[in-house]
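Coordinates in review
The chain contents come next:
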Amino acid sequence: MIATANDKAVEALGCGLRTPDTLLVSLGTYVAGMATGPRNVTDATDFWVNYASAPHSYLYESGGVRRGMWTVSWYRDLLGEEVLSQAREAGRTVEDYLNDEAAKVPPGADGRMTVLDWLAPGDAPFRKGTILGFDGRHGRFHIYRSILEALAMTVHDTTARMAKELGTDYREVIVSGGGSRSDLMMQIQADVHGVPARRAEASSAAGLGAAICAAVGLGVYAVSRRPSPGWSARARSSARTGTTTTSTSVLRRCTSANTPTRSAAGCTTSSPENPG
């Protein structure tokens, strides 16, 4: 039996997260940002520290959104048979159809705002999710886009605080999880973070990361005992990223490292949450 690290650590390994200036955004039921580095930060206030899968490294995990991509699925299911029929007529999956139509909505969703408290944290059970800013221009695809933007902006807010505490800047974002298959979500991520966004190539990054750990444990891949580079080139090359989406800066003006809110003219309001 080969012991690996925790689920987020093997996901980071499978995505190719290796340098402190790269941010990983994990789009799963729990949506959060991750980075890696050599320091065990024992007094962190805006992120959690765990052992990384790679030797001599630590994984830093920001606060995020509980029921993150679950909220996307929840809204998709609410739309029901009508949208399913429209997707079939267009020869698309429901998810692709929603993304196609939401891509026609202007960035900022014409002032539509979503607060992602679909599952309140244990220390604030009174919190509720909400969608604000309705007017006559808005339809179902405005709501869908506002949810995607809220996910991106919430994680931008929490990872910006993490970056400030670590004293680093991110030059690129790797996006993993089911949501990364959406070209619209990739564009939103690039725009909100203001740096290129790359899609993780592996369909199960955590599974790939665990397999790499097993290969090292069995001696298939070599590993250095020195602090750097740690993994052999063969092991590192197993984790790859695919297409890159560049920022258009359309949503960048709406983000802030101090608050996840937006004005009525533009950006999605969101509320960061902690796991648990």
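Refer to the structure printed above.
This next bit is on the overall build of the protein. Along its length, the protein carries 7 helices and 9 strands. Expressed as a percentage of the 276 residues in the protein, the buried residues total 51%. A sequence separation of at least 24 residues applies to 71% of the contacts in the protein between residues at least 6 apart. Within the structure as shown, the protein displays about 12600 Å² of accessible surface, and the carbon and sulfur contribution to it stands at 52%.

Burial analysis of helix H5 (residues 183–193) places 9 of its 11 residues in the buried class, which makes it a mostly covered element. Those residues of H5 that fall on the buried side of the exposure criterion are Leu184, Met185, Met186, Ile188, Gln189, Ala190, Asp191, Val192 and His193. Regarding H5, its N-cap is serine 182, as a side-chain oxygen of that residue lies 3.3 Å from the backbone nitrogen of leucine 184 further along. Taken from the residues just after H5, glycine 194 is the one with a positive phi, measuring 75°.

With that settled, the discussion passes to the pairing of strand S1 (residues 22–27). Most of S1 is tucked away: 6 of the 6 residues are buried. The two faces of S1 match: Thr22, Leu24 and Ser26 on one face and Leu23, Val25 and Leu27 on the other face are all buried. Summarising the sheet, S1 and strand S2 (residues 31–37) pair through 4 bridges and their orientation is antiparallel. From the neighbouring strand, valine 25 faces S2, where its bridge partner is glycine 33. Where S1 hands over to S2, the hairpin turn is made up of 3 residues, counted between the paired strands.

With that settled, the discussion passes to unusual backbone geometry. Here histidine 56, not a glycine, exhibits a phi torsion of approximately 65°, which is positive. Taking relative accessible area as the criterion, histidine 56 reaches 39% and is therefore assigned partly exposed. Phi is positive for alanine 109, close to 55°, though the residue is something other than glycine. By the secondary structure assignment, alanine 109 is in the loop between helix H3 (94–102) and strand S5 (113–115). Looking at alanine 109, the relative accessible area reads 0%, which means it is buried.

Take the pairing of strand S8 (residues 197–200) next. Sheet topology places strand S7 (residues 172–176) next to S8; 3 bridges connect them, and they run parallel. The residue bridging valine 175 from the neighbouring strand is arginine 199, located in S8.

Another point: the nonpolar core. Counting 49 residues, the largest nonpolar core has Tyr60, Leu151 and Met162 as its most contacted members. Counting only elements with at least two residues in this core, the list comes to S1, S2, strand S4 (58–62), helix H2 (68–89), H3, helix H4 (140–166), S7 and H5. Looking at which element gives the most residues to this core, the answer is H4, with 13 residues. Ala9, Cys15, Leu17 and Ala200 belong to the second-largest nonpolar core, a separate cluster that totals 11 residues.

We now examine the packing of H2 against H4. Here H2 crosses H4 at 160°, and the two axes come no closer than 11 Å. By the angle between their axes, H2 is roughly antiparallel relative to H4. With respect to the hand of their crossing, H2 and H4 are arranged in left-handed fashion. The segment H2 lies against H4, with Gly68, Met69, Thr71, Val72, Tyr75, Leu79, Glu82, Val83 and Gln86 engaging Arg140, Ile143, Tyr144, Ile147, Leu148 and Leu151. Here the residues of the contact of H2 with H4 are counted per class, giving 10 nonpolar, 3 polar and 2 charged.

For H2, the principal kink sits at glycine 80 and spans about 95°. Among all positions of H2, only Gly68, Met69, Thr71, Val72, Tyr75, Leu79, Val83 and Ala87 are buried. Looking at the buried side of H2, the elements it contacts are S1, S2, H3, H4 and H5. Immediately beyond the C-terminal end of H2, within one or two residues, lies glycine 91, with a positive phi of roughly 70°.

Parameters at a glance
Residues numbered from 1 in each chain as written. Predicted model: local features only at pLDDT ≥ 70, side-chain atom pairs only at ≥ 80, totals over all residues. Heavy atoms only, no water. Helix = DSSP H or I, 4+ residues; strand = E, 2+ residues; numbered from the N terminus. Buried < 20%, exposed > 50% of the residue type's maximum accessible area, 1.4 Å probe, protein only. Contact = heavy atoms within 4.5 Å. Areas by Shrake-Rupley, 256 points an atom, 1.4 Å probe, with all protein chains shown as cover. Polar contact = N/O pair within 3.5 Å; in protein donor to acceptor, adjacent residues only side chain to side chain. Pairing = 2+ DSSP bridges. Core = buried A, V, L, I, M, F, W, Y, C linked by side-chain atoms within 4.5 Å. Axes fitted to C-alpha atoms, helices over the stretch in contact; angles between N-to-C directions. Parallel < 35°, antiparallel > 145°, perpendicular 65-115°, else oblique. Left-handed = near helix turned anticlockwise from the far one by under 90°. Nonpolar A, V, L, I, M, F, W, Y, C, P; charged D, E, K, R; others polar. Bend = angle between axes of the 7 residues up to and from the residue.

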